[in-house]
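Summary of the model geometry
Read off the chains here:
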Amino acid sequence: GENVEQHPSTLSVQEGDSAVIKCTYSDSASNYFPWYKQELGKGPQLIIDIRSNVGEKKDQRIAVTLNKTAKHFSLHITETQPEDSAVYFCAASMGTDKLIFGTGTRLQVFP
Amino acid sequence: KAGVTQTPRYLIKTRGQQVTLSCSPISGHRSVSWYQQTPGQGLQFLFEYFSETQRNKGNFPGRFSGRQFSNSRSEMNVSTLELGDSALYLCASSFDAWGNSPLHFGNGTRLTVT
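The structure reproduced in this document is the subject of the present report. (Residues numbered from 1 in each chain as written. Chains lettered and ligands numbered in written order. Predicted model: local features only at pLDDT ≥ 70, side-chain atom pairs only at ≥ 80, totals over all residues. Heavy atoms only, no water.)

1. A word on the sheet that holds strand E3 (residues 19-24) of chain B
Strand pairing within a sheet occurs via backbone hydrogen bonds; the two strands may be parallel or antiparallel. All names here are of chain B. Taken in spatial order, the four strands make up an open sheet running E1-E3-E8-E7, and their pairing is antiparallel. Each of the sheet's edge strands pairs with one partner strand only, and the pair in question is strand E1 (5-7) and strand E7 (64-68). The sheet shows a mean angle of 20 degrees between the axes of neighbouring strands, direction not considered. Pairing of E7 with strand E8 (residues 74-78) involves five bridges; the strand directions are antiparallel. Note that in E8 the partner of Phe-64 across the bridge is Val-78. (Pairing = 2+ DSSP bridges. Helix = DSSP H or I, 4+ residues; strand = E, 2+ residues; numbered from the N terminus. Axes fitted to C-alpha atoms, helices over the stretch in contact; angles between N-to-C directions.)

Below you can see the structure in the form of structure tokens.
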């Protein structure tokens, strides 16, 4: 069935450390993988996305990697800061019809 | 450019009533999607509209319906409200049918059913 698994559900790191969030998807036809950050009281905000013809993409302290063979993709945040604290969602396209979201990871960055 | 605007931000309704939520997409965006967010179920897809046509629908009962107007603005209606409908309802817009362009979310309407 249509499914995106996301781990861990909570993640606590010290400021300056790296954080990694992993997702696996079920549909081998999935070809679009965005990541969203949701702060308290706000809607999810797109922070980075990757398409299936690319293995890695970076944007400053954020990077996403994709392994199509294993059907998993990961978000890497380096040099974490307190303002990185939020809930992060991965998502994967299911055919061309819809986007399925993971269950979210609550990241806490301690000063 | 203004972002996705959802109104109202908060709603309190009684079981059995009906409710209409509104979404104004980013100017130029033609696709609008709706999601229900709850602590237990995460982000659940409700439906997507593109050029006034419903392209896809999630696994929600017929009490949940929507429409899109010629200016791309969208409304979502929930009839015969149940306690379990309490959730944050998020609207997202994209330039094209979402599979081809990223989704941009509004800040949601928090619905409480008592």
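2. Quick look at the interface of chain B and chain A
A common way to report how large an interface is uses the accessible area buried once the components associate. Each side of the interface is counted separately: chain B has 19 residues, and chain A has 18 residues. Interface of chain B and chain A: buried area, both sides summed, is about 1,600 Å²; carbon and sulfur atoms make up 55% of it. At the boundary of chain B with chain A, the tally comes to zero salt bridges. The interface formed by chain B and chain A contains five residue pairs in polar contact (both at pLDDT 80 or more). Mapped onto the side of chain B that touches chain A, the elements with two or more residues apiece are strand E4 (31-38), strand E5 (42-50), strand E6 (53-57) and strand E9 (87-94) of chain B. (Contact = heavy atoms within 4.5 Å. Buried area = accessible area lost by both parts, 1.4 Å probe. Salt bridge = Lys/Arg side-chain N within 4 Å of Asp/Glu carboxyl O. Polar contact = N/O pair within 3.5 Å; in protein donor to acceptor, adjacent residues only side chain to side chain.)

3. So, the nonpolar core
Formed by 26 residues in total, the largest nonpolar core has its most connected members in Val-4, Trp-35, Phe-73, Leu-75, Tyr-88 and Leu-107 of chain A. Among residues more than four places away in sequence, those in contact with Leu-75 of chain A are Ala-19, Val-20, Ile-21, Trp-35, Ile-47, Ile-48, Ile-62, Ala-63 and Tyr-88 of chain A. Counting residues in hydrophobic clusters, the runner-up holds 21 residues, among them Val-19, Val-78, Cys-91 and Leu-111 of chain B. (Core = buried A, V, L, I, M, F, W, Y, C linked by side-chain atoms within 4.5 Å. Buried < 20%, exposed > 50% of the residue type's maximum accessible area, 1.4 Å probe, protein only.)

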